[in-house]
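# Structure at a glance
For reference, the chains in residue letters:
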Amino acid sequence: MVYYLPKTAEVLDIKDSAKGIKTFVLKIENLGSFPGQFVNLWIGGLDEKPFSIAKDTGSELHLTIAQVGEFTKALFQMKKGDKVGIRGPFGRSFSICENKNIVLVGGGFGTAPLHFLAEEHIKKGSRVKMLIGARSADLVVFEDECRASGIETLISTNDGSKGTQGFITQVLEQVIQDEKVDMIQTCGPELMMKAIAEMAQKKNIACELSVERYMKCGFGVCGQCVLNGKRMCIDGPTVTAEFALNQKEFGVFTRDAEGRRKDF
Ligand SMILES: Cc1cc2nc3c(=O)[nH]c(=O)nc-3n(C[C@H](O)[C@H](O)[C@H](O)COP(=O)(O)OP(=O)(O)OC[C@H]3O[C@@H](n4cnc5c(N)ncnc54)[C@H](O)[C@@H]3O)c2cc1C
Ligand code: FES
């Protein structure tokens, strides 16, 4: 079900996922979310922010979160038993494909929703390859979970401390040269996703990506999250490569909380 008002959720567990990245396990029933959707997490008296759903078991919600500013710093100080508010799930999810050859590409903590997505594809008989890119080995997330699910997982790091040295787009280029891929789905830095969308379009491969814009309400009312007039909280965050590449703002600029332009 969709919670439009914050639903109180207890913090059941907090796990280290990588350097500066933790997975918060929250008790919340019957969210019924799909991979690619997000929730708004509310800390009373502070603020509310959007996070991708990393796992939804029906009684537990997992969010994998990087510490970047004031809100996530407060979150990282929480302990088991503390309470937060959850609204959602909101937004469009990734497509789940039946009997297809799928490549998922995650950049940094953008990998958060992709293991959940991989498991849903596998349930439908699809084959999944996971490509994870990070700046360095200590920032790689979800490698263990993917390998434990039997998913072939390729890693790249900018500094070469794990996997192939360089960008994950180079690994993807090789993969789509070597095998027939039916669908590429990606989540991560916008410039990485733009490069992937262009590669997919050139090769005529279906492609979906997750566009982040500054979000407030999460369900289409405030207009904060627009990308060329389309509200990414309801028309996204998952969009097709074709849609993204047709938006002039995609890969060029985003906006901050006050609506000021921020170039990538
Ligand atoms: C659909 C969606 C899914 C996301 N999923 C994840 C996730 O799974 N894990 C994760 O670590 N982060 C995720 N984010 C980003 C996360 O919301 C921000 O990083 C977080 O709010 C930062 O808050 P802060 O106060 O710690 O940092 P701040 O210093 O306030 O912000 C740092 C940067 O985070 C971004 N940000 C801040 N507030 C928002 C907001 N309300 N909406 C969108 N972006 C914001 C801006 O780019 C900002 O420059 C997601 C964002 C969106 C839109
Ligand atoms: S966040 Fe309010 S319209 Fe999208």
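Residues numbered from 1 in each chain as written. Chains lettered and ligands numbered in written order. Predicted model: local features only at pLDDT ≥ 70, side-chain atom pairs only at ≥ 80, totals over all residues.

## Some points on the overall build of the protein chain
Within the protein chain, the regular secondary structure consists of six helices and 18 strands. Rg of the C-alpha trace for the protein chain: 18 Å, near the compact-globule value of 18 Å for 264 residues, within the 12% margin. Out of the 264 residues belonging to the protein chain, those deemed buried represent 45%. The long-range share in the protein chain, meaning contacts at least 24 apart out of those at least 6 apart in sequence, stands at 63%. (Helix = DSSP H or I, 4+ residues; strand = E, 2+ residues; numbered from the N terminus. Rg over C-alpha atoms; globule rule 2.2 N^0.38 Å. Buried ≥ 20, exposed ≤ 12 C-beta atoms within 10 Å, placed from the backbone. Contact = placed C-beta atoms within 7 Å.)

## Quick look at the sheet that holds strand 10 (residues 152–157)
With mixed pairing, seven strands are arranged side by side in an open sheet as 11-10-9-8-12-13-16. A strand with exactly one partner marks an edge of an open sheet, and here the two such strands are strand 11 (164–165) and strand 16 (238–240). Taken together, the six bridges between strand 9 (residues 127–134) and strand 10 define a ladder with parallel strand orientation. If you follow lysine 129 over to strand 10, its bridge partner there is glutamate 152. Those strands touched by helix 5 (residues 190–203) are strand 8 (101–107), strand 12 (183–187) and strand 13 (206–210), and its axis lies near 170 degrees from that of strand 13. (Pairing = 2+ DSSP bridges. Axes fitted to C-alpha atoms, helices over the stretch in contact; angles between N-to-C directions.)

## A closer look at the domain arrangement of the protein chain
In terms of domains, the protein chain is made up of domain 1 (3–90) and domain 2 (101–263). Centre-to-centre, using C-alpha coordinates, domain 1 lies 21 Å away from domain 2. Facing 19 residues of domain 1, the contacting portion of domain 2 comprises 17 residues. Mapped onto the side of domain 1 that touches domain 2, the elements with two or more residues apiece are strand 1 (3–18), strand 3 (38–43), strand 4 (47–52), strand 6 (60–66) and strand 7 (83–90). Per-class residue counts for the side of domain 1 that touches domain 2 are ten nonpolar, six polar and three charged. (Domains from an automatic or database assignment. Nonpolar A, V, L, I, M, F, W, Y, C, P; charged D, E, K, R; others polar.)

## Remarks on the packing of helix 4 (residues 168–178) against helix 5
Put simply, helix 4 and helix 5 touch, their axes get as near as 11 Å, and they point 15 degrees apart. Considered as vectors, helix 4 and helix 5 are oriented roughly parallel to each other. As for the relative orientation of helix 4 and helix 5, their crossing is right-handed in sense. On helix 5, the residues touching Thr169, Leu172, Glu173 and Ile176 of helix 4 are Met192, Ala195, Ile196, Met199 and Lys203. Partitioning the contact of helix 4 with helix 5 into residue classes produces six nonpolar, one polar and two charged. (Parallel < 35°, antiparallel > 145°, perpendicular 65-115°, else oblique. Left-handed = near helix turned anticlockwise from the far one by under 90°.)

## Here's the deal with the sheet that holds strand 2 (residues 21–27)
Reading across from one edge, 4-3-7-1-2-6-5 is the order of the seven strands in this open sheet, with antiparallel pairing throughout. Two strands lie at the open edges of the sheet, namely strand 4 and strand 5 (55–56), each paired on one side alone. When strand 3 meets strand 4, the two strands line up antiparallel, connected through six bridges. Each bridged residue has a counterpart across the sheet, and for leucine 41 the counterpart in strand 4 is lysine 49.

## Remarks on the site of ligand 1
Taken together, 19 residues lie around ligand 1, and Lys49, Ser52, Gly69, Phe71 and Thr72 are the ones closest in. Elements that contribute at least two residues to the shell around ligand 1 include exactly strand 4, strand 6 and helix 1 (70–76). If you tally residues by element for the shell around ligand 1, the top one is strand 4, at four residues. Residue composition of the shell around ligand 1, grouped by class: twelve nonpolar, four polar and three charged. (Near = placed C-beta within 6 Å.)

## Quick look at the nonpolar core
The biggest cluster of nonpolar side chains holds 67 residues, and the ones touching the most others in it are Leu61, Leu104, Met130, Leu131, Ile196 and Leu209. When residues of this core are assigned to domains, at least three fall in each of domain 1 (3–90) and domain 2 (101–263). In contact with methionine 130, other than residues within four places in its own chain, are Leu104, Leu114, Ala118, Cys146, Ile151 and Thr153. (Core = buried A, V, L, I, M, F, W, Y, C linked by C-beta atoms within 7 Å.)

## Focus on helix 4
Among all positions of helix 4, only Ile168, Thr169, Val171 and Leu172 are buried. Seen end-on, helix 4 carries its buried residues on one side only, within an arc spanning 150 degrees. Away from its buried face, by an angle of more than 90 degrees, helix 4 presents the exposed residues Gln174, Gln177 and Asp178. In this structure, the buried side of helix 4 is in contact with strand 8, strand 9, strand 10, strand 11 and helix 5. (Arc of directions from axis to C-beta.)

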